[in-house]
Amino acid sequence: MPHGMDVDYDGLIPNNVGLNADLRVRKALETWHPGYIDWWKDMGPEGFQDSLVYLRTAVSVDPQGWAKFDYVKMPDYKWGILLAPAVEGRTIPFGQHKGEPVWQEVPGEYRAMLRRLLVIQGDTEPASVEQQRHLGKTAPSLYDLRNLFQVNVEEGRHLWAMVYLLQKYFGADGREEAAELLRRRSGDRDTPRMLGAFNEATPDWLSFFLFTTFTDRDGKMQLAALAQSGFDPLSRTCRFMLTEEAHHMFVGETGLMRVIERTCQAMKEAGIDDPSDAKAVRALGVIDLPTIQRKINLHYSLTLDLFGNEISTNAANAFNAGIKGRYREDKLADDHRLIDDTYPVLRLIDGQVAAQDVPALSALNMRLRDDFTDDCDSGLGRWNRVIEQAGVNFRLHLPHVAFNRRIGEFSRAHVTPDGALLSPEAWERQRDRYLPSAEDAAFLDSLMVAETRPGHYAGWIAPPRTGIDSKPGDFEYVRIAE
Ligand code: BYC
Ligand code: FE
Ligand code: FE
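Residues numbered from 1 in each chain as written. Chains lettered and ligands numbered in written order. Predicted model: local features only at pLDDT ≥ 70, side-chain atom pairs only at ≥ 80, totals over all residues.

Enquirer: Sorry, what's going on with the overall build of the protein here?
Expert: For the protein, the count of helices and strands is twelve helices and seven strands. C-alpha extents for the protein along the principal axes are approximately 65 × 60 × 40 Å. Going through the 482 residues of the protein one by one, you find that 46% of them count as buried. Pairs at least 24 residues apart make up 69% of the contacts formed inside the protein by residues separated by at least 6 positions. (Helix = DSSP H or I, 4+ residues; strand = E, 2+ residues; numbered from the N terminus. Buried ≥ 20, exposed ≤ 12 C-beta atoms within 10 Å, placed from the backbone. Contact = placed C-beta atoms within 7 Å.)

Shown next as structure tokens:
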């Protein structure tokens, strides 16, 4: 059933793109498939390949009820190619081709640009699986273990999504890129992943929750911008990926909320009023709020780097071309061309952080980044409400955008989370107040002990309010193979 809402599970590769009738692409994907499975076994979740995991699999792209839940061994997961339904009569929403019918094939002049964007997007997906592969060994519960694996298999599917576009629309170049996507490795000295944050370690579950809160949210923003694309197959691919992304951010945000809840509860029970008394709080076996703040500082700043440079001709060109739009482009009320518009951007001017109005087209990375910050703020508000409701006198903040940056203007400066400039010497002295220290890492590491009994949770995290797929509290989300 080609191009439908339902997914065809008859062949080797589940899909709703009529793969059965597309011999060339089907063969290319079937050739790529064994290498993918080898990669998954080498670089996917370590030690759980034979375990049965209660996972959701997409059976339809209908927003109502697209998922089916069942026990699956991860290497047998039905990774498939799923596009959101085509929108009848869709036109290019922005840029110089605004109003023209969307493209079903790649326009020759934009081939290189599109290929680069697909490769960058595709590269992040397996990278995150690689970064998280050790976490299964220290999961705080079977519920959390299952959520980790759900995120991992879906990031695997996101790789499939980009590989499909490369194989279908980029011929031999696409096949070459698809092979390279399986060859690079997160953190590898010789063949690293393409973007900085995807070569960082995810050493503990606090990092996992913050990665899924912040870095998966960059995924949401970038996919939302690409979902506006005039290249319709990319738009439809990203629209379906976004439905999966929502769960990844849910895992991060509620995970951190449960950590905060447990910390506040333990402090109250022990009668500790001072949240910054890390020694006393840690003695309770829970994570002190200032440590959580330092982890936020780290993961938020690493993620800001993913938005690229403050001023970007790449971004301007992609917008003009109709390839990559703004966040919710179709909901914005302007001319969608931005030729004479300006946008305020924070820059380092004469050694000071200052806003400067620049041409809106070259500031598109910053516009997307500002939308990202707004989105993060609402998540932070939910965390702060947990602290407030517990009656603990502490607030979490997002650090200043100039803090701890490696890409763009501020990579040349040392800036505190409050936005004050520091000398290199002062930064070195104060660094451990702002970013996780070796001591923080050692403490977190001491808490990372697996809890694998159904319905039990490690002492540093509260249980979730509700189960996955409405399952009861003691549901065995993962049947661990010995
Ligand atoms: N690291 O003009 P500029 C996700 C390079 S996350 C290394 O500012 P542009 C996920 C840049 O490549 C979403 N290099 O670049 C989340 C360029 O190099 P070339 C991933 C960097 O293109 C969790 C040069 O600097 N998707 O899905 O405007 C789990 C000039 O920079 C970095 C996308 O990112 C960096 N951080 O902006 C799983 C969407 N930043 O080519 C998955 C596609 C910049 O001149 N990507 N450079 O040699 C893009 O739209 C853009 O390429 C970027 C960069 C926003 C990344
Ligand atoms: Fe993804
Ligand atoms: Fe994700």
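Read on for the rest.
Enquirer: Hey, could you run me through the nonpolar core in this one?
Expert: The nonpolar side chains of soluble globular proteins are, as a tendency, buried together. In terms of nonpolar packing, the biggest core is built from 121 residues, with Ile 81, Val 163, Val 259 and Ile 260 touching the most fellow members. Setting aside its immediate chain neighbours within four residues, Val 163 contacts Trp 32, Gly 122, Ala 178 and Leu 181. (Core = buried A, V, L, I, M, F, W, Y, C linked by C-beta atoms within 7 Å.)

Enquirer: So what exactly am I meant to see when it comes to unusual backbone geometry here?
Expert: Residues other than glycine predominantly adopt negative phi, and peptide bonds predominantly adopt the trans conformation. Located in the positive-phi region is Asn 404, a residue other than glycine, with phi close to 55°. Along the chain, Asn 404 falls in the loop between α10 (364-389) and β5 (414-415). Positive phi values are uncommon outside glycine, yet Asp 469 reaches one of about 55°. Locating Asp 469 in the fold gives a position in the loop between α12 (438-447) and β7 (478-479).

Enquirer: What is the right way to read the site of ligand 1 from this model?
Expert: Looking at ligand 1, there are 25 residues lining it, with Gly 219, Gly 308, Asn 309, Ser 312 and Asn 314 nearest. Of all elements in the fold, only α2 (111-131), α5 (205-227) and α9 (313-320) reach the threshold of two or more residues within the shell around ligand 1. For the shell around ligand 1, the element with the highest residue contribution is α2, accounting for six residues. Taken together, the residues of the shell around ligand 1 sort by class into seven nonpolar, twelve polar and six charged. (Near = placed C-beta within 6 Å. Nonpolar A, V, L, I, M, F, W, Y, C, P; charged D, E, K, R; others polar.)

Enquirer: Quick question: what am I supposed to make of helix α8 (residues 289-304) here?
Expert: Three or four residues apart is the spacing at which side chains of an α-helix point the same way, because the helix has 3.6 residues per turn. The terminal C-alpha atoms of α8, which comprises 16 residues, lie 22 Å apart, in line with the 22 Å expected from a rise of 1.5 Å per residue. Taking burial as the measure, the 16 residues of α8 include 15 buried ones, the bulk of the element. (Expected span 1.5 Å × (residues − 1).)

Enquirer: How should I be thinking about the sheet that holds β7 in this particular structure?
Expert: By way of backbone hydrogen bonds, the strands of a sheet pair with one another, either parallel or antiparallel. The antiparallel open sheet is built from three strands, whose spatial order is β2-β1-β7. Looking at the sheet topology across the chains shown, the edges are occupied by β2 (67-73) and β7. Summarising the sheet, strand β1 (residues 52-58) and β7 pair through two bridges and their orientation is antiparallel. Residue pairing across strands places Val 53 opposite Val 478, the latter belonging to β7. (Pairing = 2+ DSSP bridges.)

Enquirer: What's the story with the pairing of β1 in this structure? I'm lost.
Expert: Look at any regular strand and the pattern is simple: side chains alternate between the two faces of the sheet. Of all seven residues making up β1, five are buried, and the element is well covered by its neighbours. Here β1 runs beside β2; their pairing, made up of seven bridges, is antiparallel. Looking at β2, one finds that Arg 56 is bridged to Phe 69.

Enquirer: Looking at this model, I keep getting lost on the packing of helix α3 (residues 142-169) against helix α6 (residues 232-270). Mind explaining?
Expert: Between two packed helices, the angle of one axis relative to the other and the distance separating the axes together describe the packing. Interhelical geometry of α3 versus α6 gives an angle of 170° and a closest axis separation of 10 Å. Regarding the angle of α3 to α6, the classification is roughly antiparallel. Remark: the crossing between α3 and α6 carries left-handed chirality. Counted together, Asn 147, Gln 150, Val 151, Glu 154, His 158, Ala 161 and Leu 165 of α3 and Pro 233, Leu 234, Thr 237, Met 241, Glu 244, His 247, His 248 and Val 251 of α6 form the full contact between these two elements. Looking at the contact of α3 with α6 residue by residue, the classes come out as seven nonpolar, six polar and two charged. (Axes fitted to C-alpha atoms, helices over the stretch in contact; angles between N-to-C directions. Parallel < 35°, antiparallel > 145°, perpendicular 65-115°, else oblique. Left-handed = near helix turned anticlockwise from the far one by under 90°.)

Enquirer: Looking at this model, I keep getting lost on the packing of α5 against α10. Mind explaining?
Expert: As a packed pair, α5 and α10 sit with axes 10 Å apart at the nearest point and diverge in direction by 135°. Between α5 and α10, the crossing angle belongs to the class labelled oblique. Both α5 and α10 take part in a crossing whose hand is right-handed. In this structure, α5 contributes Thr 213, Phe 214, Arg 217, Asp 218, Met 221 and Ala 225 to the contact, and α10 contributes Leu 368, Asp 371, Phe 372, Asp 375, Cys 376 and Gly 379. For the contact of α5 with α10, the per-class residue count stands at six nonpolar, two polar and four charged.

Enquirer: Hey, could you run me through helix α1 (residues 23-43) in this one?
Expert: With 21 residues, α1 should cover 30 Å at 1.5 Å per step; its first-to-last C-alpha distance of 30 Å lies within 8% of that length. Taking the largest bend as the criterion, α1 deviates by roughly 30°, centred on His 33, and proline Pro 34 comes between one and four positions later. Every buried residue of α1 is listed here: Val 25, Ala 28, Leu 29, Trp 32 and Trp 40. Elements that come into contact with the buried residues of α1 comprise α3 and α4 (171-181). (Bend = angle between axes of the 7 residues up to and from the residue.)

Enquirer: Looking at this structure, I do not really get the environment of Arg 347. What am I missing?
Expert: Positionally, Arg 347 belongs in strand β3 (residues 342-349). Each C-alpha atom of the pair Arg 347 and Gly 230 lies 31 Å from the other, and the pair is 117 residues apart in sequence. Residues contacting Arg 347, with those up to four places away along its chain left out, are Glu 310, Ala 354, Gln 356 and Glu 409.

Enquirer: For this particular structure, what's the right way to read the environment of Leu 181?
Expert: Here Leu 181 shows up in helix α4. Judged by C-beta crowding, with 25 C-beta atoms within 10 Å, Leu 181 ranks as buried. Not counting residues up to four positions away in its chain, the partners in contact with Leu 181 are Gly 122, Asp 123, Pro 126, Leu 159 and Val 163.

Enquirer: What is the right way to look at the environment of Tyr 164 in this model?
Expert: Structurally, the position occupied by Tyr 164 is in helix α3. Remark: the alpha-carbon pair of Tyr 164 and Leu 29, spanning 135 residues in sequence, is separated by 7.3 Å. Leave out the neighbours within four places in its chain, and Tyr 164 touches Leu 29 and Ile 81.

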